[in-house]
Amino acid sequence: MIDWDDVRFFLAVARSGSVRSAAERLKVNHTTVLRRISQLEGRLGARLFEKKPAGYQLTGSGHDVLALAEEMELSSSRLEGLVWGRDEGIGGPLVVAMAQTIATHLLMPDFAEFCRRHPEVELTILSSEAKVNLTNREADVALRVVLDREALPLNLHGLQGPELRIGAYLSSSLLEQWTAGALQHVRWVSKGTDRAPDWALCGEIPIEGLFCAPETSTHLAALRQGLGIGLLPRFVGDAEPDLVRAPATLNGSHGALWILSQGETRRTKRVRLFIDFISQRLAEHAPRLLGPDPEIAPKPELKKK
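All of these numbers come straight from a predicted model, not from anything done at the bench.

A.B. asks: Explain the overall build of the chain to me, please; I cannot follow it from the model alone.
C.D. replies: Check the secondary structure of the chain and you find 10 helices and 11 strands. Counting every position in the chain, which comprises 305 residues, the buried fraction comes to 43%. Taking contacts inside the chain between residues at least 6 apart in sequence as the whole, the part at least 24 apart equals 73%. About 16000 Å² of surface is accessible on the chain, with carbon and sulfur atoms providing 52% of the total.

Structure follows, in C-alpha cells:
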C-alpha cells in the first residue's frame, strides 16, 4: 500500500529539484524528506531520483510515477474541497493570496473591515508575486492581475474586477535635477531585467542604464531615493508624496484584477462572504486603480527649460 504522505514528499522534490527546498516547503528537516523518498522507492522497487550537481533529477521510473502522483494529488484535493465546500459554518480558516502591493497599498483597510464584521473567520493573507495553486488548496481565494482571460485555468471560477493601470514615476528631487540641467539622462529602475516600455520611453527624460530591485518594497524604496524612473501601479505611485509622474509619459495597462476560486471551495459560506465583500470593495477602488489621465495628473510636473 502506497502512503500518500510519501507521495507528497516525492512531488515536492520532483517540482523543486532540491531536497532542501522541499523540506522548507513541507516544514520538515531534509533527513525526513530523504527518508520518505527512500521509503517510497523501497515500496515501488525502483529508483525515482538521480542526485546530480544541478539537483535531484527524475529517473525514467520517476517520470512514470510523477504522472500518477499528480493524479493522486488532484483526487485528494477534490476530496478535501468537496467536504470543505459543504461546510456552511462561517467560522474557520480562510486563505487569500495576492501580490504584496495589492495587499499592503490597497486592500489592508478592507481586510480589517472584513475581520471586524466576521471575527469568527481566521483570515490569512499570502502576499507574494508567486502564483499559488488553488487546486491544491494552497489558498482558498486568489486576487490575480490577468492580461489575457483566455489564459485562466478552466477549472477555476473567476470574477473579473476593474482594470489596473501603471505609470512611470521618479522622485521629485530627481526631476528637479534633470530640469535644472544637472542630469543628461536617468536610469531605469526595474523589478527584473526588463527594459522600459515604449510608452515610458516616449517621455521627455532620456532613459539610460539599469538598476534592478526585484523585491516590491526595495523597488519602491529605490524610486523614493532617486535612483531613476520605474513602473508602479497608479494607485501606488499617485499616493506617494515624494514621487511624480515622468513628464510626457502615458498610462500603461497592467490587466484586470480577477477574483479566483476553485471548485467546491467557492461554495463554502465564508468564501462566498469574502468574495461578495471584496468584489464590492474592488468596484469602489476602480477609479484609484485606473488613475487619472496623464494630462490631468494630480501632481504638478516641472518642464525642462
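A.B. asks: Looking at this structure, how should I read the packing of helix H1 (residues 4-16) against helix H3 (residues 30-44)?
C.D. replies: Helices that pack against each other are described as a pair by the angle of their axes relative to one another and the distance between those axes. Viewed as axis vectors pointing N to C, H1 and H3 meet at an angle of 115°, and their least axial separation amounts to 9 Å. Classified by the angle their axes make, H1 and H3 are roughly perpendicular. When you trace H1 past H3, the crossing you get is left-handed. Contacts between H1 and H3 involve Asp-5, Asp-6, Val-7, Phe-9, Phe-10 and Val-13 from the first element and Thr-32, Val-33, Arg-36, Ile-37, Gln-39, Leu-40 and Arg-43 from the second. Considered class by class, the residues forming the contact of H1 with H3 number 7 nonpolar, 2 polar and 4 charged.

A.B. asks: Where do I start with the pairing of strand S3 (residues 92-98) in this structure?
C.D. replies: Every regular strand shows the same layout, with side chains that alternate between the two sheet faces. Within S3, 6 of the 7 residues are buried, which leaves the element mostly enclosed by the surrounding structure. Direction of pairing for S3 relative to strand S4 (residues 121-127): parallel, over a ladder of 7 bridges. Each residue of the ladder has a partner; that of Pro-93, found in S4, is Glu-122. With helix H5 (residues 100-117) bridging S3 and the parallel S4, this β-α-β connection has right-handed handedness. As defined by bridge partners, S3 adjoins strand S5 (residues 141-146) across 2 bridges and the pair is classed as parallel. When the bridges of S5 are listed, Ala-97 appears paired with Ala-142.

A.B. asks: Got a minute to help me understand the side chain of Thr-59 in this structure?
C.D. replies: Position of Thr-59 relative to the elements: it lies in the loop between strand S2 (55-58) and helix H4 (60-85). Beyond its immediate chain neighbours, meaning those up to four positions away, Thr-59 contacts Arg-47, Leu-48, Phe-49 and Glu-50.

A.B. asks: Would you mind showing me how to read the packing of aromatic side chains here?
C.D. replies: When we look at a pair of aromatic rings, we describe it by the centre distance and by the angle of the planes. One pass over the structure, following the stated rule, counts 5 aromatic pairs. Relative to Phe-274, the ring of Phe-114 has its centre 5.3 Å away and its plane inclined at 85°; by these criteria the two rings are edge-to-face. Separated by 160 residues along the polypeptide, Phe-114 in helix H5 and Phe-274 in helix H10 (residues 269-290) bring together distant segments of the chain. The same class applies to Phe-114 and to Phe-274, which are both buried. Both rings, one in Phe-114 and one in Phe-277, keep their centres 5.4 Å apart while their planes meet at 55°; by these two values the pair is tilted. Here Phe-277 lies in helix H10 and Phe-114 lies in helix H5, a separation of 163 residues in the sequence. As far as burial versus exposure is concerned, Phe-114 and Phe-277 are alike and both buried.

A.B. asks: How should the environment of Ser-190 be read in this particular structure?
C.D. replies: In this fold, Ser-190 is placed in strand S7 (residues 186-190). We classify Ser-190 as buried; its relative accessible area is 1%. Spatially, the C-alpha atoms of Ser-190 and Gly-230 are 6.1 Å apart, while their sequence positions differ by 40 residues. Not counting residues up to four positions away in its chain, the partners in contact with Ser-190 are Leu-210, Phe-211, Cys-212, Ala-213 and His-219.

A.B. asks: Explain the pattern of salt bridges to me, please; I cannot follow it from the model alone.
C.D. replies: Any two side chains of opposite charge can pair, on the condition that their charged atoms come close. One pass over the full model with this rule turns up 11 salt bridges. Residue Arg-25 pairs with Glu-138 through a salt bridge whose shortest N-O separation is 2.4 Å. One end of the pair, Arg-25, is in helix H2 (residues 19-26); the other, Glu-138, is in the loop between S4 and S5, and 113 residues separate them in sequence. Given the relative accessible area of 55%, Arg-25 is considered exposed. By relative accessible area, which is 29% here, Glu-138 ends up partly exposed. Across the pair Arg-234 and Asp-238 runs a salt bridge, and its minimum N-O distance is 2.7 Å.

Scoring rules and cut-offs
Residues numbered from 1 in each chain as written. Predicted model: local features only at pLDDT ≥ 70, side-chain atom pairs only at ≥ 80, totals over all residues. Heavy atoms only, no water. Helix = DSSP H or I, 4+ residues; strand = E, 2+ residues; numbered from the N terminus. Buried < 20%, exposed > 50% of the residue type's maximum accessible area, 1.4 Å probe, protein only. Contact = heavy atoms within 4.5 Å. Areas by Shrake-Rupley, 256 points an atom, 1.4 Å probe, with all protein chains shown as cover. Axes fitted to C-alpha atoms, helices over the stretch in contact; angles between N-to-C directions. Parallel < 35°, antiparallel > 145°, perpendicular 65-115°, else oblique. Left-handed = near helix turned anticlockwise from the far one by under 90°. Nonpolar A, V, L, I, M, F, W, Y, C, P; charged D, E, K, R; others polar. Pairing = 2+ DSSP bridges. Right-handed = clockwise from strand over helix to strand, strands pointing away. Phe/Tyr/Trp six-rings, centres within 6.5 Å; stacked < 30°, edge-to-face > 60°. Salt bridge = Lys/Arg side-chain N within 4 Å of Asp/Glu carboxyl O.

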